[in-house]
Amino acid sequence: MHGVIADDLLEQAQARLKSLFGFDNFRGRQPEVIRRVLSGQSTLAVMPTGAGKSLTYQLPAHMLAGTCVVVSPLIALMHDQLRSARANGIRAATLTSVDEDWRETQEAFRAGALDLLYVAPERASQPQFRELLSCTPLALFAVDEAHCVSEWGHDFRPDYRLLRPLMDAFPDVPRLALTATADAHTRADIIAQLGIPDDGVIIAGFDRPNIRYVIRHRDSAARQVAQLMADNPGPGIVYVPTRRKAEALAQQIGASTGRPVLPYHAGLPPEERAANQAAFVASEDMVICATIAFGMGIDKPDVRFVAHAGIPKSIEAYYQETGRAGRDGDPATAVMLWGAGDFAQARQRLGELPEGRRAGERTRLDALAVLVETPGCRRAILLRHFGENPPETCGNCDHCLNAPTVTDASEVARKVLSAVYRTGQSYGFGHIQKVLTGQSDERVLQRGHDRLSVFGIVSAEEAPLLQLLSRTLQARGALVSTDHGGLALGDNARAILKGEKTVEIVLPPPRERRRPRGSSVSNPLGDPLFDSLRDLRRSLAAEAQMPPYVIFHDATLREMAALRPQSLDQLATVGGVGAKKLEAYGDAFLAVIRQH
Ligand code: ADP
Ligand code: ZN
């Protein structure tokens, strides 16, 4: 289609953005994607979580004649989207195994009365579905989580491969593939599998500027998470390594903070798991302690923090898991609490892997160790990992906000490694520490370790570095766990012992300032009107049996509180207030504003 016409359409789209969604401006690469969709070109959009991918097909679907068929891998995701779309006045329906309104949906579709029709890939590839589609003009095929089509991606779904023949049967209908995670290999696979032209790929940056990355040593997960919760009254996810820890930590932090906290892991009965997930999605202050089984299919936009109570599997996994925070664009925090043992154990497990996978896993762990140990910007390391070229500092990670002190501990590191070696590579760090600082307890004497050359070679000034070094050396794989819980030299010890590699360590930062009481991320001014608007939102949500964020996001309530609109016209200027929501909720919110 001619460029001028596309520009014209884009202008119309901008107007529709306000009237339908209540937003004033497109975000990031949204306009480019929408422009292509409106001019009938097939596209792959790679955009990070929270970039607003769904709007790039929902908006065109509302503008274009015909229905947009959306393929999505999870029923929960589809229903989430359905709710949000309908709340904005978009005519949408789902055809899934749990829907009871199949007849109505099919009738509406045939009558051309649907903007969006959501289906799972299994359904989309059935002949009956193809028949149904031929009854009505189609505007677009949107394929969500498109990396599922690729075996390179980690969520391969064979049914995604059957989408191509379906779409080929409608050659005039453009395609829009969407994903948040796709390396070059996966991208190439997606466009080949779904029939998208090479020049139809739009890649937005990976950065999530509203997420603050903080990485700390773990001294007590329960205490540190409780502290995080005190700073973040909103919903949060705490990732834990095991089912047992999910239960135990949920119990502990629930008791110590009085906040609603639920566990989530694959060992729970399916009904309980579903109930806990639903309760979390609907809540404005719940924390969920979960194994990595939790997350796929959670589109909750107001998650204020994601904590890791142990190291994640890889940087990719970390980025995906932390990416669940702050989709609404409001400030959010990602905190990783790591312990030396996390790395030591992960490295020990390398040995149990089949030979062919070891090197790859070791590289992943090394990359994670660099992230954890860096004295520099966390975001820069993350983005570089994904092939970007970010600035040296971001201004929104622990180290950029509070420059850490770094010290060269290479010499002490050599002493530690020597002591481990000379004591026979089978003792825990406590024993090594005693030998190095010259404390002769019974065991030291019994084993004759007081007679070793390393006995007492660490001075009183150096001694405080030992604990930190133990972590650093384990993170780097210079020290590894033995089967009996002792420490042995790892692959990376040699270079340090020979002085070929230095060991810089980051000294823990002083305590951070606390936020004044009564304020929070969502309500930084502690405005009582905001709280009242929130109360109203909560009761409307309960009445309609949907999560509060479907009504309005926090940012919308904040703007209302600041602007104090006195009429529906004024209220309509607030971001996030589209025509449909203005009609449904406008009077109720105005009433609360007038009372204040
Ligand atoms: P993604 O699927 O890319 O993770 P979503 O489509 O769920 O992101 O959108 C994330 C949030 O951003 C949604 O709550 C959506 O309403 C909001 N959003 C999308 N586009 C805009 C925009 N142009 N302006 C303001 N908010 C937007
Ligand atoms: Zn930074």
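Residues numbered from 1 in each chain as written. Chains lettered and ligands numbered in written order. Predicted model: local features only at pLDDT ≥ 70, side-chain atom pairs only at ≥ 80, totals over all residues. Heavy atoms only, no water.

### With respect to the sheet that holds strand E5 (residues 138–143)
One key point about sheets: their strands pair by backbone hydrogen bonds, in either a parallel or an antiparallel sense. The sheet built from seven strands is open, its strands ordered E3-E4-E2-E5-E6-E1-E7 with parallel pairing. Each of the sheet's edge strands pairs with one partner strand only, and the pair in question is strand E3 (92–95) and strand E7 (201–203). On average, adjacent strands in this sheet sit at an angle of 20° to one another, irrespective of strand direction. Where helix H5 (residues 102–110) meets the sheet, it contacts strand E2 (67–71), E3, strand E4 (116–119) and E5, and its direction lies at approximately 125° from that of E3. (Pairing = 2+ DSSP bridges. Helix = DSSP H or I, 4+ residues; strand = E, 2+ residues; numbered from the N terminus. Axes fitted to C-alpha atoms, helices over the stretch in contact; angles between N-to-C directions. Contact = heavy atoms within 4.5 Å.)

### As for the packing of helix H10 (residues 221–231) against helix H11 (residues 243–257)
It is the contact of H10 with H11, at a shortest axis distance of 10 Å, that shows an interaxial angle of 50°. Judged on the interaxial angle alone, H11 and H10 are oblique. Considering how the two elements wind past one another, H10 and H11 form a crossing that is right-handed. Taken together, the residues of H11 that come into contact with H10 (itself represented by Ala221, Ala222, Val225, Ala226 and Met229) are Leu249, Gln252, Ile253, Ser256 and Thr257. (Parallel < 35°, antiparallel > 145°, perpendicular 65-115°, else oblique. Left-handed = near helix turned anticlockwise from the far one by under 90°.)

### Regarding the domain arrangement of the protein chain
Looking at the assigned domains, one finds that the protein chain contains domain 1 (2–203), domain 2 (211–338 + 374–401), domain 3 (406–506) and domain 4 (528–594). Computed from C-alpha coordinates alone, the two centres of domain 1 and domain 2 are separated by 29 Å. Taken together, the contacts link 12 residues of domain 1 with nine residues of domain 2. Across the domain 1-domain 2 interface, the total number found is zero salt bridges. (Domains from an automatic or database assignment. Salt bridge = Lys/Arg side-chain N within 4 Å of Asp/Glu carboxyl O.)

### Focus: the coordination of the zinc ion (ligand 2)
Protein-derived coordination of the zinc ion (ligand 2) comes from Cys377 (SG), Cys394 (SG), Cys397 (SG) and Cys400 (SG), at a distance range of 2.3 to 2.4 Å. The exposure class of cysteine 397 is buried, given its relative accessible area of 0%. (Donors = N, O, S within 2.8 Å, 3.2 Å for Na, K, Ca; no water. Buried < 20%, exposed > 50% of the residue type's maximum accessible area, 1.4 Å probe, protein only.)

### Side note on the site of ligand 1
Neighbouring ligand 1 are 15 residues, the closest being Asn25, Gly50, Lys53, Ser54 and His553. Contacts to ligand 1 include arginine 27, whose side-chain N or O atom sits 3.0 Å from an oxygen atom. Side-chain polar atom of glutamine 30 to a nitrogen atom of ligand 1: 2.9 Å apart, as the coordinates give it. For the shell around ligand 1, the class distribution of residues is five nonpolar, seven polar and three charged. (Near = heavy atom within 4 Å. Polar contact = N/O pair within 3.5 Å; in protein donor to acceptor, adjacent residues only side chain to side chain. Nonpolar A, V, L, I, M, F, W, Y, C, P; charged D, E, K, R; others polar.)

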